[in-house]
Amino acid sequence: MPLLDRRGRVSFAVPVLVAAGLTLTLGAFFQMRAANREAERTQHERQFAQFHDALTERIGSHTLLLRTLRSAFSGTRPATRDGFAAAVRPIMPLYPGLWSVAWVSRVSLAEVPALEAAMRAAGRRDFTVQNAGETGDGGPGMAPAASQGDLFVNTLMEPERGGAFGQGINILSLPNRAEVLARACASGELTATEALPPRPRGESGRSIVLYLPVYRYPVDEMDGADRCAEVSGYVSSVFGIARLLEEAGNRVNGLHGAVFLLDGPAGDGGRVLASRDLAVPSANQEGVPFGELRKDGEAVLERDLVIGGRRWTLALAIPPEPRLAPVDYPAWIVLVMGLLLTGALAGYTRREAQAKRFLVTEARARAAMARALRESEERFRMALRHSRVAVFSLDRNLRYMWMYNPQTGRAAETFIGRTNADIHAPDDAARLDAVKRAVLDTGTGSRQEVRVGAAPGVEQVFDLIVEPLRDEAGGVSGVICAAIDISDGVRIREALAEAHAEAERANRAKSRFLAAASHDLRQPFQAMSLFHHILTARLSDAKQMEVAGKLGEAIAAGNTLLNTLLDTSALEAGNVKPRPTVFPFQDIADRLNREFAEQASGKGMVLRMVPTSAYVLSDPVLLERMVRNLLVNALRYAEAGTILLGCRRRDGHALIEVWDTGPGIPADQLKLIFDDFYRCGTDQRDSGRGLGLGLSIVRRTAQILGHQVDVRSRVGKGTVFSISVVMVGDRHNPLPEEPTTSVASA
């Protein structure tokens, strides 16, 4: 019913006001609901991004663990079972999703028996090299991928377990492992793949195995094939992805929906590897295509997850919101209130004012950010202006688009729009273009040291860093580069290398001279010894005889020192050629026992020799010289007590040992005693204890013969030197594990 004004005319003000109020109220309702739904979706995306970052961080911690453990296997001494366990066990509780950590050792077929013997001697009585799925019959099973090359065997593992992930398993016998290991060793980076059953008790979901190669030598300058030839093994870990999803979910508050890890994009039939679904916690969804799990009206967010060069898809399934969802409550309240015309218009006006204030605040914040960016840019320019770094970018045609702070003596404007061919010599331009073209083609950054001719006869060396420059679609539209002038450092490095090479040449020339002149240097001492003998025979006066005796001692000491120096020079010059043969070590032990028994007795000491029936493979002359030097060293430094010479069997080798009850060697000097002219605990001016070359000769001779020399000592208790020689037989019965006589019982 229309209203009438005072004059009786129909007034349309109220209907218009009501219509306007309803229109504004309905518009505000639908606009607010859409904004709230959009804000909720933005919240889902932000939480999903936080979940992705948390999962990436957890996986990165596993990667950091492997890179840390790699240093333990990069040394010359192999890692032991106890050392590996001591390094890994304290760390594993910090990684709840970590199933196991293993050392995969590269072993040739010929080394398999020795590896099995060593592992069993270390406490693994059931250790056998075998393929996955075999029961183990004492010999290695050959996988097709490893039938013509080396094996890669799980040698150390924490926690220890059998089965497909157990110790002794040839990794190449597992599906696709040959390709994964080849990709890892060629790139030198971490490589990931899906692990195979079984899984640890109480764990659910699939697992992922990471392999990180360990090389014998630095391989930075090698290509893929040469790198793989230098691989000594792989550090690997297996972790459950379901546990990592759970850990990442615990770090994100209010994550709504179910998270799935797929082996491919969600829309292309990707299958579920692991899931975190709070609505269905006990459902087994592994291996099910994601399309079969998706519900009608369910929104899906996707992000790529790259682990060790392998790409998976992380998907968040957001269930559809009901018609009357909590997020819509504010809009419904506005709609109800809008039915009251005054309240609706007042509320709408109030919200518009609030929105205006928000926009003003945001504009001020953006202005402050713009000022901060300008200040940061000015600081950046100031830092570069007074450094030796040039920054520039090039398009896909390798034309300079931008340049700042060039280091070639040219103005920055002369680079813009030109290529390297227009600026540098042809060879320099081709070299620079090759580095940048590789980044354009692969999309992967590069860092190399390049040389550029700055002027005739003048060369500059740059540390060139090249990174891809991407457009809005993610494609590579050019490269951005930084060039650091390192010319001075390179010249210093080359000068040092030349000086080192010159010193090495002089040292080798000295060694060759001494080795060639050994006969001429020994001849005067032989003549002096002969004349001394004749002179002694003609003397009768006691004082003259005493002087002649001291002269003889001086001649003998000088002859001994000269022989030691000449032996060292002969070893350095490579004039000593070993002649290995099989012989009983007892022959050497008998001769040395007769030779040193009286010397030990004269010093008030006892020399004991444990008989042995071992036959060894070595050069008898050089081996006897090594043992003689160790006995001389024991007599020289042990003032009293017992010296023991013995031989024991260990892992197919004969371990020749010299024990003494001398003063011992401090732990910080055990590696120094084999250096030239080093005399432990002795006044360096005291020539009565030699030049400090005896143990140096032992070390050099061991390197020529391929023997291993070890030493262990306790200060105040004594020292044990050991030489490991290949044992090829036994004269009578097998050798005992330990000598029947010890220094303590002696």
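Computed from a prediction, not measured in an experiment: that's the story for all the values here. (Residues numbered from 1 in each chain as written. Predicted model: local features only at pLDDT ≥ 70, side-chain atom pairs only at ≥ 80, totals over all residues. Heavy atoms only, no water.)

**Focus: the overall build of the protein**
- Helix and strand counts for the protein stand at 17 helices and 23 strands.
- When the 746 residues of the protein are sorted by exposure, 40% land in the buried category.
- In the protein, once contacts between residues fewer than 6 apart in sequence are set aside, the share between residues at least 24 apart is 63%.
- Here the protein has roughly 41200 Å² of accessible surface; of this, 56% comes from carbon and sulfur atoms. (Helix = DSSP H or I, 4+ residues; strand = E, 2+ residues; numbered from the N terminus. Buried < 20%, exposed > 50% of the residue type's maximum accessible area, 1.4 Å probe, protein only. Contact = heavy atoms within 4.5 Å. Areas by Shrake-Rupley, 256 points an atom, 1.4 Å probe, with all protein chains shown as cover.)

**Some words on the nonpolar core**
- Formed by 51 residues in total, the largest nonpolar core has its most connected members in Phe-51, Leu-55, Ile-208, Leu-210, Phe-239, Ile-307 and Leu-314.
- No other element matches the 8 residues that helix α1 (residues 13-70) contributes to this core.
- Once you skip the residues sitting within four places of it in the chain, Leu-314 turns out to touch Phe-48, Phe-51, His-52, Leu-55, Leu-245, Val-259, Phe-260, Leu-261, Leu-301, Glu-302 and Arg-303.
- In terms of nonpolar packing, the next biggest core, distinct from the first, is built from 40 residues, Met-605, Cys-647, Phe-674 and Val-698 among them. (Core = buried A, V, L, I, M, F, W, Y, C linked by side-chain atoms within 4.5 Å.)

**Section: the sheet that holds strand β11 (residues 310-318)**
- Taken together, 4 strands build an open sheet; the order of strands is β9-β8-β11-β10 and the sheet is antiparallel. Taken across any chain shown, the strands that pair with only one partner, and hence form the sheet edges, are β9 (272-276) and β10 (299-307). Pairs of neighbouring strands in the sheet enclose a mean axial angle of 20 degrees, with direction left out of account.
- Against the sheet, helix α6 (residues 241-250) touches β8 (258-262), β9 and β11, its axis set at about 30 degrees to β9. (Pairing = 2+ DSSP bridges. Axes fitted to C-alpha atoms, helices over the stretch in contact; angles between N-to-C directions.)

**A short note on the packing of aromatic side chains**
- This model, assessed by the stated rule, comprises 4 aromatic pairs.
- Geometrically, the ring pair formed by Tyr-211 and Tyr-234 is edge-to-face, given 6.4 Å between the ring centres and 85 degrees between the ring planes. Separated by 23 residues along the polypeptide, Tyr-211 in strand β6 (residues 207-215) and Tyr-234 in strand β7 (residues 231-240) bring together distant segments of the chain.
- Judged by relative accessible area, Tyr-234 falls into the buried class, the value being 1%. (Phe/Tyr/Trp six-rings, centres within 6.5 Å; stacked < 30°, edge-to-face > 60°.)

**Quick look at the pairing of strand β22 (residues 708-714)**
- Here β22 pairs with strand β23 (residues 718-730) via 7 bridges, running antiparallel. Counterpart to Gln-708 in the pairing with β23 is Ser-724.

**As for helix α16 (residues 620-637)**
- Taking 1.5 Å per residue as the helical rise, α16 with its 18 residues ought to reach 26 Å, and the 26 Å between its terminal C-alpha atoms agrees with that figure.
- Here α16 has its buried residues at Leu-622, Leu-623, Glu-624, Met-626, Val-627, Leu-630, Leu-631, Asn-633, Ala-634, Leu-635 and Tyr-637.
- Capping of α16 at its N-terminal end is provided by Asp-619; its side-chain oxygen lies 3.0 Å from the backbone amide nitrogen of Val-621. (Expected span 1.5 Å × (residues − 1). Polar contact = N/O pair within 3.5 Å; in protein donor to acceptor, adjacent residues only side chain to side chain.)

**Here we look at the environment of Lys-436**
- With respect to the secondary-structure elements, Lys-436 resides in helix α11 (residues 426-442).
- On the accessibility criterion, Lys-436 (1% relative accessible area) is buried.
- Once you skip the residues sitting within four places of it in the chain, Lys-436 turns out to touch Phe-392, Leu-394, Leu-398, Tyr-400, Asn-420, Leu-464, Val-466, Val-479 and Cys-481.

**Some words on the pairing of strand β21 (residues 653-660)**
- Of all 8 residues in β21, 6 are buried, a share of seventy percent or more.
- The antiparallel pairing of strand β20 (residues 641-650) with β21 creates a hairpin that spans 2 residues between the two strands, and Asp-651 there sits at a positive phi of about 55 degrees.
- Strand direction decides the pairing type here: β21 and β23, joined by 8 bridges, are antiparallel. Among the inter-strand pairings, Trp-659 is bridged to a residue of β23, identified as Val-720.

**A word on the state of the cysteines**
- In this structure the tally under the stated criterion is 1 disulfide.
- Put simply, Cys-185 and Cys-228 are joined by a disulfide, and their sulfur atoms are 1.8 Å apart. Because the sign of the S-S torsion sets the handedness, a value of about 75 degrees for the bond joining Cys-185 and Cys-228 places this disulfide among the right-handed ones. You can see Cys-185 sitting in helix α4 (residues 177-187) and its partner Cys-228 sitting in helix α5 (residues 224-229), a full 43 residues away along the chain. (Disulfide = S-S within 2.5 Å.)

**Brief notes about unusual backbone geometry**
- A cis geometry characterises the amide bond from Glu-158 onward to Pro-159, with omega recorded as -10 degrees.
- Turning to its location among the elements, Pro-159 is positioned in the loop between β4 (151-158) and α4.
- The backbone of Leu-398 sits at a positive phi, close to 60 degrees, despite the residue not being glycine.
- We classify Leu-398 as buried; its relative accessible area is 4%.

**Notes on a nonpolar patch on the surface**
- Taken together, the side chains of Val-582, Leu-617, Val-726 and Val-728 present a nonpolar region at the surface, about 290 Å² in accessible area.
- One can find Val-726 in strand β23.
- Given a relative accessible area of 37%, Val-726 falls into the partly exposed group. (Patch = residues over 30% accessible without salt bridge, like charges linked within 9 Å, V, L, I, M, F, W, Y side chains within 5 Å. Salt bridge = Lys/Arg side-chain N within 4 Å of Asp/Glu carboxyl O.)

**Concerning α6**
- The element α6 is extensively covered by neighbouring structure, given that 7 of its 10 residues are classed as buried.
- Along α6, the residues classified as buried are Ile-241, Ala-242, Leu-244, Leu-245, Glu-247, Ala-248 and Gly-249.

**With respect to the pattern of salt bridges**
- Counted under the stated rule, the structure contains 19 salt bridges.
- In this structure, the salt-bridge partner of Glu-624 is Arg-591, at a minimum N-O distance of 2.9 Å. Of this pair, Glu-624 sits in helix α16 while Arg-591 sits in helix α15 (residues 585-602), and the two are 33 residues apart along the sequence.
- Judged by relative accessible area, which is 36%, Arg-591 ranks as partly exposed.
- For Glu-657, the salt bridge goes to Arg-712, with nearest N and O atoms at 3.8 Å. With a gap of 55 residues between them, Glu-657 in strand β21 and Arg-712 in strand β22 connect regions that are remote in the sequence.
- A relative accessible area of 40% means that Arg-712 is categorised as partly exposed.

**A short note on the side chain of Ser-207**
- Within the element layout of this structure, Ser-207 appears in strand β6.
- Residues within four places of Ser-207 in sequence aside, it is in contact with Trp-99, Glu-194, Ala-195, Val-238, Phe-239, Gly-240 and Ile-241.

**Considering the sheet that holds strand β5 (residues 191-194)**
- In spatial order, the strands read β4-β3-β7-β6-β5; together these 5 strands make up an open sheet with antiparallel pairing. Two strands in the sheet have a free side with no partner beyond their single neighbour: β4 and β5. Mean inter-strand twist for the sheet, computed between neighbouring axes without regard to direction, equals 25 degrees.
- Relative to β6, β5 is paired through 4 bridges, and the arrangement is antiparallel. Across the sheet, Thr-193 pairs through a bridge with Val-209, a residue of β6.

**Overview of the confidence of the model for the protein**
- For the protein, the average pLDDT comes to 77, and 77% of its residues sit at 70 or higher.
- For the protein, per-element mean pLDDT is lowest for strand β1 (residues 3-4), which scores 46, and highest for strand β17 (residues 581-584), which scores 92.
- Low pLDDT (under 50) marks residues 1-11, which in the prediction has 7 contacts with non-local residues, meaning those over four places away or in another chain.
- Here residues 734-746 scores under 50 on pLDDT; set against residues more than four positions off or in separate chains, the count is 26 contacts. (pLDDT = per-residue confidence, 0-100.)

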